[in-house]
Amino acid sequence: MVKAGIALKQWAIAAVAMVFLWVSPGVRAQSNEDCMVCHSDNTLVREYEGGRKVSMFVDESALGSSVHAPLGCVDCHQDLAGVADFPHAEEVADVGCGTCHEDLRELHERSVHGIALKKGETEAARCRDCHGTHYILPKSDPRSSVFHLKQPATCGACHGDSGFLQRHPGMPRAAQSYAESIHGKAVLKYGMNIAAVCSDCHGAHDIHARDDADGPLTRPHVAAVCGKCHPSALGSYRSGIHGVVSTEGKTEPAVCTDCHGEHTIRAPTDPSSSVYVTRIVETCSTCHADKEIVGKFGVSVQRVETYRESFHGLGTKYGSTVVANCVSCHQYHDIKPASDPSSSIHPQNLQDTCGQPRCHMGATERFAKSDVHSSITKPDDWVLQLVRAVYILIIGGTLGGMIIHNAIDYAGRRRHKRNTHADA
Ligand code: HEC
Ligand code: HEC
Ligand code: HEC
Ligand code: HEC
Ligand code: HEC
Ligand code: HEC
Ligand code: HEC
Ligand code: HEC
Ligand code: HEC
Ligand code: HEC
C-alpha cells in the first residue's frame, strides 16, 4: 500500500509538470521523436574539452522498458522543453531527479555524498552514479544496479577502486574487507539475498560519515541496525550490562561492532574472527585494559592483567583453545555484573559456570569459590610460584612431547611409505 501511495504521488507530480508544459504560452513540449531524429544515431558522439568522448545515443526501447517508460525526454531534460531551434545549445542542464523524488533528494542533500557534492567534490555519488540514467529499473529487479545482490559492486565502483582510494586517503577499504566478511561471502559467493549489503547498514540515501551525529549508524544505533537481522543476539545483548548502559546514552560500553568488527565480521568459528576463542581476550582488553574507558565506570583494569597471569591466561597465551577465556565465564551477549543474581558470575551460579561440561565437571562449591582473577605471580607466595613453575613445565612438556611425537610419527610414516614403494 505504501509503495502504491508513493507511486501515486510521483505520478501526480509528473502529471502536473507535463500539463504545465502544455499550457504555458509559447511553450511546446517536444515529443520524443523530435529528439530521436538525432539521438537514435548510435554514432553520435560528443567530444568534451580534454578529448573525452561520450556517446549521445539513446536506446529508446530500453528507456521504454525502464521504470520511467511513460516519461518524455523533456520531463527530465526540462531546460530543452519548448526549444524549437535544433541543434540545441551544446550545454544542457543537469537532470534534477529531485523534481519528482523530493523526499529522496532531501535525504541525499543531507548525506555525506550530498554535502561533499555541494563542497565541490566531483567524485561523490549523485543519483545517476548509483542508478544510471535512462535504463533505471525498480530495486526489486535483479538487473537493477541497486538490486540487493548488486549493491556491493555499485558502491564498490568507487569505494573498491584503487585509484579512488588513493585519491581519498584515510577512507577505509570497505568494499575489499566486506567481500571477505561473512556477509560479503554470503552475498557475493552464495547469492544469499538476506545477508547484509552496504545499504542494510548505511542506508542508501541517508549515508553519513562516522563523525556525523545524524547518521543511522552512530554508536547508539548500531545494535538496532544489526538487530534487524539478528534479533536473538540483540535480545540477549540488551539484557547484558553493555546493552543496558548503552541504552542509557553512554558511548563507552561495547556495541556489536566493537567485538565483531565493521566490514570484517566473520563467523566465531573462523580463526581470523575477532571473537574466535584465541582472540577474545585481546578484543575485551581493548576496553578492559584501558583506564580511560572502563575506569570511568569504576571498573578495574586489573581484571585483564590478573586473568593474563592466571592459569587460564597462561593456557590462552600458549594457544590453548580449550582453556577458559573471558566469555567462557562471563557469557558474551548477556554479560552481567557479579551482583546480578542472573549473572553467570553471581556467587550462586559459579558452581554451574565452573562445572560446564568442557571445563570442571562436578566442580564443588568450594572449588567454585577460588579466586579466578587473582595473580599467581605474587612474589611472596612461594606455593603459587611453585604451582606456576610446575604449570609452565607441564605446558612446555606437553607441547615439546607433542612435537617430538609428531616428528617420530612423521619419520616413521616416510620410512613406511618408502618401503611400500620399494615393494611395489
Ligand atoms: C538536430 C539534432 C539534435 C536534436 C533534434 C536533439 N539533439 Fe540533443 N544533442 C545533439 C548533439 C549533436 C549533441 C552533442 C552536443 C553538441 O555537440 O552540441 C546533443 C547533446 C544532448 C545532450 C547532452 C548534453 C551534454 O551534457 O553533453 C542532451 C541531454 C540532449 N542532447 C538532449 C536532447 C533532447 C531532450 C532533445 C529533444 C528535445 C534533443 N537533444 C534533440 C543533437 C540533437
Ligand atoms: C528519467 C529521466 C530521463 C529521461 C526520461 C531522459 N533522460 Fe536523458 N539523461 C538523464 C540523465 C540523468 C542524464 C545524465 C546527465 C545529466 O545528469 O544531466 C541524461 C543524459 C542524456 C544524454 C547525454 C548522453 C548520456 O547518455 O549521458 C542525452 C543525449 C540524453 N540524455 C537524451 C535523452 C533523450 C533523447 C531522451 C528521450 C528519449 C532522454 N534523454 C530521456 C535523464 C533522463
Ligand atoms: C550512493 C548510491 C545512491 C545514490 C546517490 C542514490 N540512490 Fe537511490 N537507491 C540506492 C539504493 C542502494 C537503493 C535501494 C535501497 C534498498 O535496497 O532498499 C535505492 C533506491 C531508490 C529508489 C526506490 C525507493 C526507495 O526509497 O527504496 C528510488 C526512487 C531512488 N533510489 C531514487 C534516487 C534519487 C532520486 C536519487 C538522487 C536524489 C538517488 N536515488 C540517489 C542508491 C543510491
Ligand atoms: C518527471 C518525474 C520523474 C523524474 C524527473 C524522475 N523520476 Fe524516477 N520515477 C518517477 C515515477 C512516477 C516513478 C514510478 C514510481 C514507482 O513505481 O515507484 C519513478 C520510479 C523510479 C525508481 C524505481 C523505484 C523502485 O520501485 O525501485 C527509481 C530508482 C527512480 N525513479 C530513480 C530516478 C532517478 C535516478 C531519476 C533521475 C535520473 C529520476 N528517477 C527522475 C518519476 C520521475
Ligand atoms: C561515484 C562514486 C561513489 C559511489 C558510487 C558511492 N560513493 Fe560513497 N563516497 C564517495 C566519495 C567521493 C566520498 C567522500 C565524500 C567526502 O569527501 O566527504 C564518499 C563517502 C562515503 C562515506 C563516508 C566516508 C568518509 O570517510 O567520509 C560512506 C559511509 C559511503 N560513501 C558509503 C557509500 C555507500 C554505502 C555507497 C553505495 C550505496 C556509496 N558510498 C557509493 C563516492 C562514492
Ligand atoms: C554489517 C554492516 C555494514 C555493511 C554491510 C557495510 N558497512 Fe560500511 N560501515 C559499517 C560501520 C558500523 C561503519 C563505522 C560507523 C560509521 O561509519 O558510522 C562503517 C564505515 C564505513 C565507511 C567509513 C565511514 C567513515 O566516515 O569513516 C565507508 C566508506 C563504508 N563503511 C562503506 C561501505 C560500503 C561501500 C559497503 C558495501 C560494500 C559497506 N560499507 C558495507 C557497517 C557496514
Ligand atoms: C562484548 C562483545 C560482543 C558484543 C558487544 C556483541 N557480540 Fe556477538 N558475539 C560475541 C562473541 C564472543 C561471540 C561468539 C561466542 C562463541 O564463541 O560462540 C558472538 C557471537 C555472535 C553471533 C553468532 C551466533 C551466536 O549468537 O552465537 C552473532 C550473530 C552475533 N554475535 C551478533 C551480534 C550482534 C548483532 C550484536 C549487537 C546487538 C553483538 N553480537 C554484540 C561477542 C560480542
Ligand atoms: C540484512 C540482514 C543483516 C544485517 C543488517 C546484519 N547481518 Fe549479520 N548476518 C546476516 C546473515 C543472513 C548471516 C548468515 C550468513 C551465513 O551464514 O553465511 C549473518 C552472519 C553474521 C555473523 C556470523 C554468524 C555465525 O553464526 O557464524 C555475525 C557475527 C554477524 N552476522 C554479525 C552482524 C553484525 C555485528 C551486524 C551489524 C554491524 C550484522 N551482522 C548485520 C544478516 C545480517
Ligand atoms: C568498547 C569497549 C568494551 C569492550 C570491547 C568490552 N567491554 Fe565490558 N564494559 C565496558 C564498559 C564501559 C563497562 C562499564 C559499564 C558499567 O559497568 O556501567 C563494561 C562492563 C563490563 C562488565 C561489568 C563490570 C562491572 O563491574 O559491572 C563485565 C563483566 C564486562 N564488561 C566484561 C566484558 C567482556 C568479557 C568483554 C569481551 C567479550 C567486554 N567486556 C568487552 C566496555 C567494554
Ligand atoms: C575462569 C572464569 C573467568 C575468566 C576466564 C574471566 N573472568 Fe572475569 N570474573 C570471573 C568471576 C568469577 C568474577 C567475579 C568474582 C571476582 O570479582 O573476582 C569476575 C569478575 C570480573 C569483572 C568485574 C565484574 C563485577 O561485577 O565486579 C570484570 C570486569 C571481569 N571479570 C572481566 C574479565 C575479562 C575482561 C576477562 C578476560 C580477559 C575475564 N574477566 C576472564 C570469572 C572469570
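Residue indices begin from 1 for each chain and proceed along its sequence in written order. Chains and ligands are labelled sequentially in the order written, the chains with letters from A and the ligands with numbers from 1. Only residues with pLDDT of 70 or above have their local features reported here, since the model is predicted, and side-chain atom pairs are shown and tallied only from 80 upward, although totals for entire chains, interfaces and linings are computed over all residues. Hydrogens and water are ignored here; the side-chain numbers use all heavy atoms of the structure.

A.B. asks: Any chance you could explain the overall build of the protein chain here in plain terms?
C.D. replies: Comment: elements are numbered from the N terminus, with helices defined as DSSP H or I runs of at least four residues and strands as E runs of at least two. Within the protein chain one finds 24 helices and 2 strands. Looking at the protein chain as a whole, 26% of its 424 residues are labelled buried. At a minimum sequence separation of 6, the contacts of the protein chain that also span at least 24 residues come to 47%. Computed by Shrake-Rupley with a 1.4 Å probe, the accessible areas treat only the displayed protein chains as cover when residues are assessed. As presented, the protein chain carries roughly 27500 Å² of accessible surface, and 61% of it is formed by carbon and sulfur atoms. Burial classes: relative accessible area under 20% of the type maximum marks a residue as buried, over 50% as exposed, and values in between as partly exposed (1.4 Å probe, protein chains only). A contact between two residues is defined here by any heavy atoms of the two lying within 4.5 Å.

A.B. asks: Teacher, can you tell me more about the coordination of the iron atom of ligand 7 here?
C.D. replies: When a metal holds four donors in a tetrahedron, each ideal angle between them is 109.5 degrees; when it holds six in an octahedron, the ideal angles are 90 or 180 degrees. The coordination sphere of the iron atom of ligand 7 contains the protein donors His260 (NE2) and His333 (NE2), at a distance range of 2.0 Å. The exposure class assigned to His260 is partly exposed, which follows from its relative accessible area of 25%. According to the relative accessible area criterion, His333 is partly exposed, its value standing at 24%. Listed donors are limited to N, O and S atoms within 2.8 Å of the metal, widened to 3.2 Å for Na, K and Ca; water is not among them, so incomplete-looking sites are possible.

A.B. asks: Would you explain the site of ligand 2 in this entry?
C.D. replies: Whether a residue is near a molecule or strand depends on its heavy atoms: it is near if one of them lies within 4 Å of it. Taken together, 18 residues lie near ligand 2, and Cys73, Cys76, His77, Arg128 and His134 sit nearest. At 2.8 Å, a side-chain N or O of His77 approaches a nitrogen atom of ligand 2. Counting of polar contacts relies on pairs of N or O atoms within 3.5 Å, with two restrictions inside protein: one atom must be capable of donating a hydrogen and the other of accepting it, and residues adjacent in sequence are counted only when both atoms are side-chain atoms. The contact in question runs from an oxygen atom of ligand 2 to an N or O atom on the backbone of Val95, over 3.1 Å. At the level of secondary structure, the elements contributing two or more residues to the shell around ligand 2 comprise α2 (32–39) and α4 (73–76). Sorting elements by how many residues they give to the shell around ligand 2 places α2 first, with 3 residues. Any residue outside Ala, Val, Leu, Ile, Met, Phe, Trp, Tyr, Cys, Pro, Asp, Glu, Lys and Arg is labelled polar, Gly included; the first ten of those are nonpolar and the last four are charged. The class makeup of the residues in the shell around ligand 2 is 9 nonpolar, 7 polar and 2 charged.

A.B. asks: What is the right way to read the confidence of the model for the protein chain from this model?
C.D. replies: Interpretation of this model should avoid reading the predicted coordinates in detail wherever pLDDT is low. A score between 0 and 100, pLDDT records how confident the predictor is in each residue. Residues with a pLDDT of 70 or more make up 84% of the protein chain, whose mean pLDDT is 88. A low-confidence stretch, residues 1–6 stays under pLDDT 50, and its non-local contacts, those more than four residues away or across chains, total 0 contacts. Across residues 19–28, confidence stays below pLDDT 50; counting only partners more than four residues off in sequence or on other chains, it has 10 contacts.

A.B. asks: How should I be thinking about a nonpolar patch on the surface in this particular structure?
C.D. replies: Any residue with relative accessible area above 30% and no salt bridge may belong to a patch, with like charges joined within 9 Å and the nonpolar Val, Leu, Ile, Met, Phe, Trp and Tyr side chains within 5 Å. A side-chain nitrogen of Lys or Arg and a carboxyl oxygen of Asp or Glu constitute a salt bridge if their distance falls within 4 Å. Together, Tyr190, Met192 and Ile194 make up a nonpolar patch on the protein surface, roughly 390 Å² of accessible area in all. One can find Tyr190 in the loop between α11 (182–188) and α12 (198–202). A relative accessible area of 61% means that Tyr190 is categorised as exposed.

A.B. asks: Just checking my understanding: could you explain the coordination of the iron atom of ligand 5 for this structure?
C.D. replies: Protein-derived coordination of the iron atom of ligand 5 comes from His113 (NE2) and His159 (NE2), at a distance range of 2.0 Å. For the iron atom of ligand 5, the 6 donor atoms in the first shell make angles of 85 to 179° at the metal, a pattern classed as octahedral. Here His113 is found in helix α6 (residues 112–118), whereas its partner His159 is found in helix α8 (residues 151–159), with 46 residues between them in sequence. Geometry assignment treats four donors as tetrahedral when all angles are between 85 and 135 degrees, treats four as square planar and six as octahedral when opposite donors are over 155 degrees apart and all others between 65 and 115, and treats everything else as irregular.

A.B. asks: Got a minute to help me understand the site of ligand 10 in this structure?
C.D. replies: Around ligand 10, the surrounding shell holds 17 residues, and the nearest of these are Cys326, Cys329, His330, Ala338 and His373. Within the side chain of His330, an N or O atom sits 2.8 Å from a nitrogen atom of ligand 10. Looking at the shell around ligand 10, the elements with two or more residues in it are α19 (302–309) and α21 (326–330). Among the elements that line the shell around ligand 10, the one with the most residues is α21, at 3 residues. For the shell around ligand 10, the class distribution of residues is 10 nonpolar, 5 polar and 2 charged.

A.B. asks: Can you walk me through the packing of aromatic side chains in this structure?
C.D. replies: Any aromatic ring pair is given by two values, namely how distant the centres are and how the planes are angled relative to each other. Two rings belonging to Phe, Tyr or Trp (six-membered ring only in the last case) form a pair when the distance between their centres is within 6.5 Å. Interplanar angles under 30 degrees mark stacking, angles over 60 mark edge-to-face geometry, and anything in between is tilted. Per the stated rule, a full pass over the model turns up 0 aromatic pairs. Whether a charge lies above a ring is judged from NZ of Lys or CZ of Arg, which has to be within 6 Å of the ring centre and within 35 degrees of the ring normal. A cation sits over an aromatic face here: Arg52 above Tyr48, 4.6 Å from the ring centre.

A.B. asks: Could you clarify how one ought to interpret the packing of helix α17 (residues 280–288) against α19 in this entry?
C.D. replies: If you want to describe how two helices pack, look at the angle between their axes and the distance between the axes. Note on method: axes are straight lines fitted to C-alpha atoms, helices fitted across the in-contact stretch only, with angles between N-to-C directions ranging 0 to 180 degrees. Their axes nearest at 9 Å, the elements α17 and α19 cross at an angle of 150°. In contact with Val281, Glu282, Ser285 and His288 of α17, α19 contributes Val304, Tyr307 and Arg308. Of the residues assigned to the contact of α17 with α19, the class counts are 3 nonpolar, 2 polar and 2 charged.

A.B. asks: Help me understand α8, please; the structure alone is not making it clear to me.
C.D. replies: In an α-helix, one turn spans 3.6 residues; hence positions three or four apart end up facing the same way. Taken together, the buried positions of α8 are Gln151, Pro152, Thr154 and Gly156. In the core, the buried residues of α8 are packed alongside α7 (127–131), α10 (174–180), α11 and α12.

A.B. asks: Teacher, can you tell me more about the packing of helix α13 (residues 219–227) against helix α14 (residues 231–239) here?
C.D. replies: Put simply, α13 and α14 touch, their axes get as near as 8 Å, and they point 145° apart. Mapping the contact onto sequence places Ala223, Ala224 and Gly227 in α13 and Pro231, Leu234, Tyr237 and Arg238 in α14. Residue classes in the contact of α13 with α14 are distributed as 5 nonpolar, 1 polar and 1 charged.

A.B. asks: Looking at this model, I keep getting lost on unusual backbone geometry. Mind explaining?
C.D. replies: A negative phi angle is the norm for most residues apart from glycine, just as the trans form is the norm for most peptide bonds. Residues Phe86 and Pro87 are joined by a peptide bond in cis, for which omega reads -5°. For Pro87, the location among the structural elements is in the loop between α4 and α5 (102–110). The backbone of Gln331 sits at a positive phi, close to 65°, despite the residue not being glycine. In this fold, Gln331 is placed in the loop between α21 and α22 (350–354).

A.B. asks: I'm lost on the side chain of His208 in this one. Help?
C.D. replies: Considering the arrangement of structural elements, one finds His208 in the loop between α12 and α13. Taking the relative accessible area as the measure of exposure, His208 reaches 15% and is therefore buried. Only 3.5 Å separates the side chain of His208 from the backbone oxygen of Asp206, close enough to count as a polar contact. Here the side chain of His208 touches Asp212 through a polar contact of 2.9 Å, side chain to side chain. Here His208 is in contact with Arg110, Ser111, Val112, Asp214, Gly215 and Pro216, once residues within four sequence places are set aside.

A.B. asks: Before we go on, may I ask you to explain the pattern of salt bridges in this structure?
C.D. replies: Two side chains that carry opposite charge are able to pair once their charged atoms sit near each other. Going through the model one piece at a time under the given rule, you end up with 13 salt bridges. Arg46 is paired through a salt bridge with Glu91; the nearest N and O atoms lie 2.6 Å apart. You can see Arg46 sitting in strand β1 (residues 45–47) and its partner Glu91 sitting in the loop between α4 and α5, a full 45 residues away along the chain. A relative accessible area of 17% means that Arg46 is categorised as buried. A residue is classified by how much of its surface remains accessible, and Glu91, at 57% relative accessible area, is exposed. Residue Arg266 pairs with Glu180 through a salt bridge whose shortest N-O separation is 3.9 Å. Placement of the pair is Arg266 in the loop between α16 (256–260) and α17 and Glu180 in helix α10, with a sequence separation of 86 residues. Owing to a relative accessible area of 17%, Arg266 belongs among the buried residues under this scheme. Residues joined in a network through salt bridges with shared partners are Arg46, Glu90 and Glu91.

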